[in-house]
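Fold and contact review
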Amino acid sequence: MTFDLFSSLNVFSPKWRVGYVKTINPKWKIGLNMGYGAKNISYTYFLDHFEKDYKLWELRPEIYKVFKRNEKTVKYFSIELFYINHKDILHNSFYYPKNGGEISYDQVDYQRYKYGFNFNAGEFIKINNSYRINIFAGLGLRFRSVMFTNIVNSRPSNTFVDMFDFYEFREKEGLDLGLSYSLGVKLIM
């Protein structure tokens, strides 16, 4: 069993993530991680960009290729697939529709689907006979599809956004292709 130590601290989409890793043979492992997020179970709920209706769930199957092993560590490369389903009801903000422009609203139903893959490199580190730590990092591609429905009081607007728009995933409607990254520490029991 695995427990992701930092996924609940994510400031953009916090979730609790647990999983399972199974050794197939000395060179291969497979795993599955599942995550669930909601405002009332998040450590970052106090940030002003979360609404009370925030809900997220995810699935992440992964296959590991072990390339170096010793008594204390197991080094690996892996490919991780992921699917994320994120819903919320947003208030008093704006979004960029697929056909251009900008729309402000009083309330909107938000739906985001994100799927893709990461190539990871990591290490299983033995703490004792019962516990290990998995440290990993990786890059990949992601597809993100965002929809806004049930818009209340929509109106054209023009909001200034600086060059570092960290909330683009909540503002840009439609399908978007981009880079994905993974970085984490998991406790293995």
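The structure reproduced in this document is the subject of the present report. (Residues numbered from 1 in each chain as written. Predicted model: local features only at pLDDT ≥ 70, side-chain atom pairs only at ≥ 80, totals over all residues. Heavy atoms only, no water.)

**Topic: the pairing of strand β4 (residues 55–69)**
Here strand β3 (residues 28–38) runs beside β4; their pairing, made up of 11 bridges, is antiparallel. What sits directly across from G31, in β4, is E62. With 12 bridges connecting them, β4 and strand β5 (residues 73–95) associate as antiparallel partners. Bridging across to β5, L56 finds its partner in H86. (Pairing = 2+ DSSP bridges. Helix = DSSP H or I, 4+ residues; strand = E, 2+ residues; numbered from the N terminus.)

**With respect to the nonpolar core**
Formed by L90, Y95, I103, Y105, V108, Y110, V146, F148 and F169, the largest nonpolar core amounts to nine residues. Every element with two or more residues in this core is listed here: β5, β6 (103–126) and β7 (132–152). The element best represented in this core is β6, accounting for four residues. The residues contacting I103, other than those within four sequence positions of it, are S93, F94, Y95, P97, S154, R155, P156 and S157. If you look at the next biggest cluster of nonpolar residues, it comprises seven residues, including V74, Y76, F124 and F136. (Core = buried A, V, L, I, M, F, W, Y, C linked by side-chain atoms within 4.5 Å. Buried < 20%, exposed > 50% of the residue type's maximum accessible area, 1.4 Å probe, protein only. Contact = heavy atoms within 4.5 Å.)

**Thoughts on the environment of I41**
Tracing the backbone through its elements, the reader meets I41 in the loop between β3 and β4. Separated by 57 residues in the primary sequence, I41 and K98 place their C-alpha atoms 33 Å from one another. What I41 contacts, discounting residues up to four positions off in sequence, is W16 and Y36.

**Details of the pattern of salt bridges**
Under the definition given, this model contains nine salt bridges. For E80, the salt bridge is made with R60, and the minimal N-O distance between the two is 3.3 Å. Residue E80 is found in strand β5, and its partner R60 is found in strand β4; the two are separated by 20 residues along the sequence. The pair formed by E80 and R60 is uniform in burial state, with each residue classed as buried. Ionic pairing is found between D176 and K172, a salt bridge with its closest N-O pair at 3.7 Å. For K172, a relative accessible area of 32% translates into the label partly exposed. The network of salt bridges with shared partners includes D4, R17, E58, R60 and E80. (Salt bridge = Lys/Arg side-chain N within 4 Å of Asp/Glu carboxyl O.)

**Comments concerning the side chain of T73**
Structurally, T73 can be placed in strand β5. Given the relative accessible area of 14%, T73 is considered buried. Not counting chain neighbours up to four residues away, the residues in contact with T73 comprise K68, E123, F124 and I125.

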